[in-house]
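Fold and contact review
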Amino acid sequence: MTFINKLEAAWAANDSLLCVGLDPDMARLPAQFQAAPDGIYRFCTDIIDATADLACAFKPQIAYFAALGAEQQLERICAYLRDKHPHIPLILDSKRGDIGATAKQYAREAYDRYGADAVTVSPYMGGDSVEPYMEWTDRGVIVLCRTSNPGGSDLQFLEVNGRPLYQHVAQLVADKWNSNGQCALVVGATFPEELAQVRAIVGEMPLLVPGIGAQGGDIVATVTAGKTTAGKGMMINSSRAILYATPQAGEDFTAAARRVALETRDAINAAR
Ligand SMILES: O=c1ccn([C@@H]2O[C@H](COP(=O)(O)O)[C@@H](O)[C@H]2O)c(=O)[nH]1
């Protein structure tokens, strides 16, 4: 099954456009995990089990693991997800970009080592730098287009031939790079007008949309701008707001994460 098929099945099975981000920050983990050698693995798998029926994808951000030398725990988390929740797509957020020979190694890292269904990549080294990822025809290649951070405007908003650069990226991916139908784009929820522009350019192509939750993006504006005609087409990511949800009376961290994930999924669905 391809990444796109798996994503479509997860959208339907869980009635969800919510992508749960896995960004384990040691300082914010519950105390019982901070001292444990496999604390990151246990924290992330607990979050996965608490939210798997509410999510259309999980997205570990590799920096949170690599910074702690915890790549082996990430490998185990990915294996756990594939084993226990095989119908939920795994997106490795690594935002790689390099010459083709090196990109081939990054592709092996994402798809072989971690078994990811899809990986995020930078477009700024051009077509030959993303080609190696495309050779894995059953996997997804999610290209940075209009990122959620304020500084994304420094380059992505530059006018080139009368259009902002991010629109050229969207057009290039839609017209050329997506010949196998395996591409998606990253577009931030913090910029709904640009999200609507990208949707108009790329048709039904899936969009990975970070920026709700901790970054403050508006869910209704995001869904209105980014949904396809069928009311789908997005993986709307929330990481910190779910991982570190403040427990209410009687809740532990998994119940709090589940409550916020449920509220977020339902708020997204109400706007579809
Ligand atoms: O434009 C982008 C691209 C990627 N991200 C990543 O998404 C999550 C967002 O985390 P929150 O806690 O929900 O803010 C994180 O892993 C980023 O690296 C992004 O935010 N914006």
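Since this is a predicted model, take the numbers as computed values, not measurements. (Residues numbered from 1 in each chain as written. Predicted model: local features only at pLDDT ≥ 70, side-chain atom pairs only at ≥ 80, totals over all residues. Heavy atoms only, no water.)

Take the site of the ligand next. Neighbouring residues of the ligand: 15 residues in total, closest D23, S148, Q215, S239 and R240. Between the ligand and the protein, one listed contact pairs an oxygen atom with a side-chain N or O atom of K59 at 3.1 Å. Considered on its own, the ligand offers 460 Å² of accessible surface; in the complex 88% of this is hidden by protein. Elements with a minimum of two residues in the shell around the ligand: β3 (91-96) and β10 (234-238). (Near = heavy atom within 4 Å. Polar contact = N/O pair within 3.5 Å; in protein donor to acceptor, adjacent residues only side chain to side chain. Areas by Shrake-Rupley, 256 points an atom, 1.4 Å probe, with all protein chains shown as cover. Helix = DSSP H or I, 4+ residues; strand = E, 2+ residues; numbered from the N terminus.)

All right, on to the confidence of the model for the protein then. Here the protein averages 98 in pLDDT, while 100% of its residues score no lower than 70. Reported confidence for the predicted complex is 0.99 by ipTM and 0.98 by pTM. (pLDDT = per-residue confidence, 0-100.)

A few words on the UniProt feature "domain: Orotidine 5'-phosphate decarboxylase" (unreviewed entry) in the protein. Look at the UniProt record and you will see "domain: Orotidine 5'-phosphate decarboxylase" (unreviewed entry) annotated at residues 17-253. Between the end C-alpha atoms of residues 17-253 the distance is 22 Å, and the span holds 42% helix and 19% strand. (UniProt positions renumbered as here; feature names shortened; annotations may be inferred.)

Using the residue numbers shown here, the UniProt feature "active site" (unreviewed entry) corresponds to K95. Relative to the elements of secondary structure, K95 occurs in strand β3. If near-sequence neighbours (up to four positions away) are discounted, K95 is found in contact with Q61, T120, V121, S122 and L144. Of note is the side chain of K95, whose polar atom sits 2.9 Å from the side chain of D93. (Contact = heavy atoms within 4.5 Å.)

All right, on to the packing of helix α3 (residues 39-51) against helix α5 (residues 71-84) then. Relative to each other, α3 and α5 sit at 25°, their axes nearing to 9 Å. The orientation of α3 relative to α5 falls into the category roughly parallel. The two elements α3 and α5 cross, and the hand of that crossing is right-handed. Counting all contacts with α3, which are made through G39, I40, Y41, C44, T45, I48 and D49, the residues of α5 involved are Q73, R76, I77, Y80 and L81. Tallied by class, residues from the contact of α3 with α5 come to seven nonpolar, three polar and two charged. (Axes fitted to C-alpha atoms, helices over the stretch in contact; angles between N-to-C directions. Parallel < 35°, antiparallel > 145°, perpendicular 65-115°, else oblique. Left-handed = near helix turned anticlockwise from the far one by under 90°. Nonpolar A, V, L, I, M, F, W, Y, C, P; charged D, E, K, R; others polar.)

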